[in-house]
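# Summary of structural features
The lines below spell out each chain.
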Amino acid sequence: MLVLVAPGQGAQTPGFLTPWLDLPGAADRVAEWSDAIKLDLARYGTTADAEEIRDTAVAQPLLVAAGLLSASALGSTSVFGAVAGHSVGEITAAAIAGVLPEEDALSFVRTRGLGMAAAAAVTETGMAAILGGDPAVVVAHLEKLGLTPANINGAGQIVAAGTMEQIEALQADKPEGSMKVVPLKVAGAFHTHHMAPAVAELEKAAEALAPADPALKYVSNKDGLVVTTGADVVARLVGQVANPVRWDLCMETFAELGVTGIIELSPGGTLTGLAQRALKGVPSVALKTPDDLEKAAALVAELTA
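### Thoughts on the nonpolar core
Ranked by internal contacts, the top residues of the largest apolar core, which has 75 residues, are Leu41, Leu106, Tyr218 and Ile263. No other element matches helix H4 (residues 56-74), which puts nine residues into this core. Setting aside residues no more than four positions away along its own chain, leucine 106 makes contact with Trp33, Ile37, Leu41, Pro61, Val64, Ala65 and Leu68. Core analysis: the second largest hydrophobic core is formed by 17 residues, Val3, Leu271, Leu274 and Val282 among them.

### Thoughts on the packing of aromatic side chains
Taken as a whole and judged by the stated rule, the model has one aromatic pair. Ring centres 5.8 Å apart and planes at 80° place the aromatic pair tryptophan 247 and phenylalanine 254 in the edge-to-face group. As far as the burial class goes, tryptophan 247 and phenylalanine 254 line up, both buried.

### Quick look at helix H10 (residues 230-239)
Of all the ten residues making up H10, seven are buried; the element is thus mostly covered by neighbouring parts of the structure. Within H10 the residues assigned to the buried category are Gly230, Val233, Val234, Arg236, Leu237, Val238 and Gly239. Tucked inside the fold, the buried residues of H10 contact helix H5 (89-96), helix H6 (102-120), helix H9 (196-206), strand S7 (217-219) and strand S8 (226-227).

### Considerations on the layout of surface pockets
Put simply, the largest pocket is a space of about 690 Å³. Taken together, 34 residues form the lining of the largest pocket, with Gln9, Gly10, Ala11, Leu184 and Val186 sitting closest to its centre. For the lining of the largest pocket, the secondary structure elements donating two or more residues are helix H3 (50-54), strand S3 (125-131), strand S4 (148-154), strand S5 (157-163), strand S6 (180-183) and helix H12 (270-278). Take the lining of the largest pocket: its biggest share by element is four residues, from H3. Tallied by class, the residues present in the lining of the largest pocket amount to 17 nonpolar, 13 polar and four charged.

### Details of the pattern of salt bridges
One pass over the structure, following the stated rule, counts seven salt bridges. Of the charged contacts in the structure, one is a salt bridge between arginine 29 and glutamate 102, with a shortest N-O distance of 2.8 Å. Residue arginine 29 is found in helix H1 (residues 26-37), and its partner glutamate 102 is found in helix H6; the two are separated by 73 residues along the sequence. Taking the relative accessible area as the measure of exposure, glutamate 102 reaches 26% and is therefore partly exposed. What you see here is one network of salt bridges that share partners, running through Asp223, Asp232 and Arg236.

### Details of a negative patch on the surface
Judged by side-chain charge, Asp28, Glu32, Asp35, Asp40 and Glu103 come together as a negatively charged surface patch. For the negative patch, the element with the highest residue contribution is H1, accounting for three residues. Tracing the backbone shows aspartate 28 in helix H1. What makes aspartate 28 exposed here is its relative accessible area of 54%.

### A closer look at the sheet that holds S5
If you trace the four strands from one edge of the open sheet to the other, you get S4-S5-S3-S6, paired in antiparallel fashion. Edge positions in the sheet fall to S4 and S6, since each has one partner strand and no second. Put simply, the sheet's adjacent strands are angled 25° from each other on average, direction ignored. Alignment of S3 against S5, held across seven bridges, turns out to be antiparallel.

Conventions used here
Residues numbered from 1 in each chain as written. Predicted model: local features only at pLDDT ≥ 70, side-chain atom pairs only at ≥ 80, totals over all residues. Heavy atoms only, no water. Core = buried A, V, L, I, M, F, W, Y, C linked by side-chain atoms within 4.5 Å. Buried < 20%, exposed > 50% of the residue type's maximum accessible area, 1.4 Å probe, protein only. Helix = DSSP H or I, 4+ residues; strand = E, 2+ residues; numbered from the N terminus. Contact = heavy atoms within 4.5 Å. Phe/Tyr/Trp six-rings, centres within 6.5 Å; stacked < 30°, edge-to-face > 60°. 1 Å grid on protein atoms, 1.4 Å probe; cavity = no way out; pocket = protein on both sides within 12 Å on 5 of 7 lines; lining within 4 Å. Points joined across faces, edges and corners; volume = space filled by probe spheres on them. Nonpolar A, V, L, I, M, F, W, Y, C, P; charged D, E, K, R; others polar. Salt bridge = Lys/Arg side-chain N within 4 Å of Asp/Glu carboxyl O. Patch = residues over 30% accessible without salt bridge, like charges linked within 9 Å, V, L, I, M, F, W, Y side chains within 5 Å. Areas by Shrake-Rupley, 256 points an atom, 1.4 Å probe, with all protein chains shown as cover. Lys, Arg positive; Asp, Glu negative; His and termini not counted. Charge placed at Lys NZ, Arg CZ, Asp CG, Glu CD. Pairing = 2+ DSSP bridges. Axes fitted to C-alpha atoms, helices over the stretch in contact; angles between N-to-C directions.

Right, dumping it as structure tokens:
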């Protein structure tokens, strides 16, 4: 069973969208999306610098646009047995699963990005990845410092979120048994109570949506469960901005479903890296540029022959 996954914020790098815009029809689609959400996705994805695309309000629509472009380049998604996304990647996954039309997904993520950026501006907050250590020990240590385990990613990685003072305290006092603490280039404490104002904004935006039930198995960040109704998918998309991402549970579900291969949409690399450590022996392809499409096609052909 093939699983299609979409990365979250932090995966973007300057210029990463450039080669994807050379694909037939891609530039026109991005121009239409840009007009619809009043954000120049092509510029931000090609010539903007790292600081510009670190902006939450920019990064999130850019990632969804890249995910949708690369998914289209793969061809039919009917060969995939399940789809999932990490954090904002869940919106990409919802569009691919047919829960939301692409235009609605881009509009929703634009609201999400603006709302989370505004919430992040209230207090100076951030995130840091803890590598290694016993998960229970790491979580207990974070709670002692007042931090939230915002992303429990599996494969020996937990991401903490909180105020910058709390992040600095974590760097000075890392959990017992962990190898290192790596501050992340994100603009706020996502998936914590600091994002509560954004939840309210998304609740309003969700009222205008008419979600369909997923056409593929949709694995949720909330608890790793397969969600079967469009209404439940949207409700989870609304709530997840202030709740932890449980990617570890998503990968457990992939294993239970019998995953035989994973393809990660653009800008790929992060989730396939986690899968290589947590789902040993499962082949994967990360779509970093269109040059990787041939490898993805070969994997699909091998596993569906």
